[in-house]
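Chain by chain, the residues:
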Amino acid sequence: MNSIPTGRVTKEADGSYDLILTRSFRAGIEDVWASVTDPERTAHWYGTWKGEAGPGKTIDVQMGFEEGAPWSAMTIDSCREPQHLALSAVDDYGAWHLEVNLTENDGVTDLEFIQHRIDPGMVESIGPGWEYYLDNLVASRDELPLPDFHDYYPSQSAYFVAQLEAVAGQSET
């Protein structure tokens, strides 16, 4: 698996920062949707979840690739199957506002992952973390060995810090 960082940090109109990463799959949108929403399939690249899914509902998510495989509650903020999913959570590391958007053209589905309102002080670990998880998704779908997190962190940290510094230094228009 290629562990070259691809994500980008953007500065939003309200002064907050978003992290945006993309991946493309030679698969239909319904199949990719299942990879990011079916608990049996999410267990292969991120972690499993349980509970009743639906907008406004809370599910329990287990992060299968983190030390101790912790559980956390995530609220489904919005869901438009099979194109859009937005989730939020608050844990010991802060507030998480996550969004997945899928589009399909000619048998290729593009996945756009956004973490809204990232904590600038955590970009050095958040960026490599999401690169790792999305590469896990690619590997699990292609039935390849999963990548090693040590190939992402801390080697990608400087890339994401530089991304943040570049957009933070831009004057607002």
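Residues numbered from 1 in each chain as written. Predicted model: local features only at pLDDT ≥ 70, side-chain atom pairs only at ≥ 80, totals over all residues. Heavy atoms only, no water.

1. Topic: the pairing of strand 2 (residues 17–25)
Part 1: Of all nine residues that make up strand 2, seven are buried, and the element is covered over most of its length.
Part 2: Alignment of strand 1 (residues 8–11) against strand 2, held across four bridges, turns out to be antiparallel. Its bridge partner lying in strand 2, Arg 8 is registered against Ile 20.
Part 3: Once strand 1 ends, the chain turns through five residues before running back antiparallel as strand 2, passing Gly 15 with a positive phi of about 90°.
Part 4: As judged from the seven bridges shared by strand 2 and strand 8 (residues 108–116), these two strands associate in the antiparallel manner. Looking at the pairing, Leu 19 lines up with Gln 115 of strand 8. (Buried < 20%, exposed > 50% of the residue type's maximum accessible area, 1.4 Å probe, protein only. Helix = DSSP H or I, 4+ residues; strand = E, 2+ residues; numbered from the N terminus. Pairing = 2+ DSSP bridges.)

2. With respect to unusual backbone geometry
Part 1: Omega for the bond connecting Glu 81 with Pro 82 falls within 30 degrees of zero, at 0°, which places this linkage in the cis form.
Part 2: With respect to the helices and strands, Pro 82 occurs in the loop between strand 5 (71–80) and strand 6 (84–91).
Part 3: Geometrically, the link from Tyr 153 to Pro 154 is a cis peptide bond, its omega value of 10° lying close to zero.
Part 4: Summarising the element assignment, Pro 154 is placed in the loop between helix 3 (123–141) and helix 4 (157–168).
Part 5: Phi is positive for Asp 106, which is not a glycine, with a value near 50°.
Part 6: Mapped onto the secondary structure, Asp 106 falls in the loop between strand 7 (94–105) and strand 8.
Part 7: Even without glycine at this site, Glu 143 takes up a positive phi of about 55°.
Part 8: With respect to the element layout, Glu 143 can be found in the loop between helix 3 and helix 4.
Part 9: Classification of Glu 143 as exposed rests on a relative accessible area of 74%.

Fair warning: the whole summary comes from geometry, so function is off the table for now.
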